[in-house]
Amino acid sequence: MKSPVDLGLRYGTVKLVPHSPEWKKHFEIEKVLLAEAIGRYIVEIRHIGSTAVPGIHAKPIIDIMVGLEHLQDIEHCIPPLEEIGYIYMGEQDIPGWHFFIKGRGEVKTHHLHVVEWDSEYWITHLLFQEYLVRHPEVAHAYEQLKLALEDKYPDDRTAYTRDKSDFIHAMTEMAQRARHHAKEPDEPPLPPASMPPG
């Protein structure tokens, strides 16, 4: 299957584009492919990252998070994912996070994050994204930060990602506190989040 022509970014570069309703459609198409390929191991598939937040600029790359019932099943998932175009990139120095990319040549269109469902990674990444969706003013502030960093680091995605980290961590902690206060008083808060995509 060919990659959508309205998606994709050359590896290592930063280019933000206005939100597109097509991004949700691209996710839904990929969700079906993933379910057909490795559905027996999956608990849930979620669209994450900035392309999942309505109304804000984002890199035109679809971030997808797959929650496995048992993380050790990743060894059974790699071959079928490769058959539908994904390249396995390993754990990327974050235990429990298995990363795949998909695209055409140097242009990457999809990032796939495979983790254990309901793990720390799963929960904190959904918390951050859902906090942005529920708080448009926070999403707007995040967008303005990203646009400024795009101007500063158009060819350095590592620096772009690094300089977003303080904002992401602060907002994730706020989302964790809100979640904690909404639950039973004796439930412990989550540990600090790892870096969400977007």
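Up top is the structure these notes are about.
Scope of this entry: the structure provided in the associated data block.

1. Description of the packing of aromatic side chains
One pass over the structure, following the stated rule, counts 5 aromatic pairs. Judged by centre distance (5.8 Å) and plane angle (15 degrees), the ring pair of Trp97 and Tyr121 falls under stacked. A residue pair is termed long-range when its members are at least 10 positions apart, and Trp97 in the loop between β4 (87-90) and β5 (98-104) and Tyr121 in helix α3 (residues 120-134) qualify at 24 residues. In terms of burial, Trp97 and Tyr121 fall into one category: buried. Through pairs of rings, three or more aromatic residues link up here, namely Trp97, Phe99 and Tyr121.

2. Examining the pattern of salt bridges
Within this structure, the stated rule accounts for 6 salt bridges. For Lys24, the salt bridge identified is with Glu28, shortest N-O distance 3.5 Å. Here Lys24 pairs with Glu28, and both are found in helix α1 (residues 22-38), just 4 residues apart, close to one helical turn. Residue Asp163 is joined to Arg162 by a salt bridge in which the shortest nitrogen-to-oxygen separation is 2.9 Å. For Arg162, a relative accessible area of 48% gives the class partly exposed. Look at the salt bridges and you will find they share partners, linking Glu44, Arg46 and Glu130 into a network.

3. Quick word on unusual backbone geometry
The backbone of Asp93 sits at a positive phi, close to 65 degrees, despite the residue not being glycine. Examined against the element boundaries, Asp93 turns out to sit in the loop between β4 and β5. The backbone of Asp118 shows a phi angle near 70 degrees, a positive value even though the residue is not glycine. Position of Asp118 relative to the elements: it lies in the loop between β6 (107-116) and α3.

4. A look at the environment of Leu16
In this fold, Leu16 is placed in the loop between β1 (9-10) and α1. Residues Leu16 and Asp151, spaced 135 residues apart in sequence, show a C-alpha to C-alpha distance of 9.9 Å. With residues near it in sequence (within four places) discarded, Leu16 still touches His57, Ala58, Lys59, Lys146, Leu147, Glu150 and Tyr160.

5. Some words on the pairing of strand β3 (residues 62-68)
Burial runs high along β3: 7 of the 7 residues are buried. Where burial is concerned, the two faces of β3 agree: the one with Ile62, Ile64, Val66 and Leu68 and the one with Asp63, Met65 and Gly67 are both buried. As defined by bridge partners, strand β2 (residues 42-48) adjoins β3 across 6 bridges and the pair is classed as antiparallel. Considered in β3, the bridge of Ile45 is made with Val66. The sheet contact formed by β3 and β6 spans 7 bridges and is parallel. Each residue of the ladder has a partner; that of Val66, found in β6, is Val114.

6. Comments concerning α3
Between its terminal C-alpha atoms α3 stretches 21 Å, which fits the 21 Å expected from 15 residues at 1.5 Å a residue. Counting buried positions along α3 gives 11 out of 15 residues, so the element sits mostly inside the fold. Regarding α3, the residues found buried are Tyr121, Trp122, Ile123, Thr124, His125, Leu126, Leu127, Phe128, Gln129, Tyr131 and Leu132. Buried residues along α3 sit in contact with β2, β3, β6, α4 (136-152) and α5 (157-182).

7. Regarding α5
Between its first and last C-alpha, α5 extends 36 Å over 26 residues, near the 38 Å set by a 1.5 Å rise per residue. By the largest-angle criterion, Ser165 marks the main kink of α5, which is about 40 degrees. For α5, the full list of buried residues reads Arg157, Ala159, Tyr160, Lys164, Ser165, Phe167, Ile168, Met171, Thr172, Ala175 and Gln176. On its buried side, α5 packs onto β1, β6, α3 and α4.

Criteria and thresholds
Residue numbers restart at each chain and count upward from 1, following the sequence in its written direction. Side-chain atom pairs in this predicted model are given and counted only at pLDDT of 80 or more, local residue features only at pLDDT of at least 70, and totals for whole chains, interfaces and linings cover all residues. With hydrogens and water set aside, each side-chain value is computed from the structure's full complement of heavy atoms. Here a pair means two rings of Phe, Tyr or Trp (six-membered ring of Trp) with centres within 6.5 Å. Their orientation is stacked below 30 degrees between planes, edge-to-face above 60, and tilted elsewhere. Note on conventions: DSSP H or I runs of at least 4 residues are helices, E runs of at least 2 residues are strands, and numbering of each starts at the N terminus. Only protein chains enter the area calculation, which uses a 1.4 Å probe; residues under 20% of their type maximum are buried, those over 50% are exposed, and those in between are partly exposed. Only one rule defines a salt bridge in this text: a Lys or Arg side-chain nitrogen within 4 Å of an Asp or Glu carboxyl oxygen. It only takes one pair of heavy atoms within 4.5 Å for two residues to be counted as in contact. Strand pairing requires that DSSP identify at least two bridges connecting the strands. Here, expected helix span is obtained from the residue count minus one, scaled by 1.5 Å. In this scheme, the bend at a residue equals the angle between the axes fitted to the seven residues that finish there and the seven that begin there.

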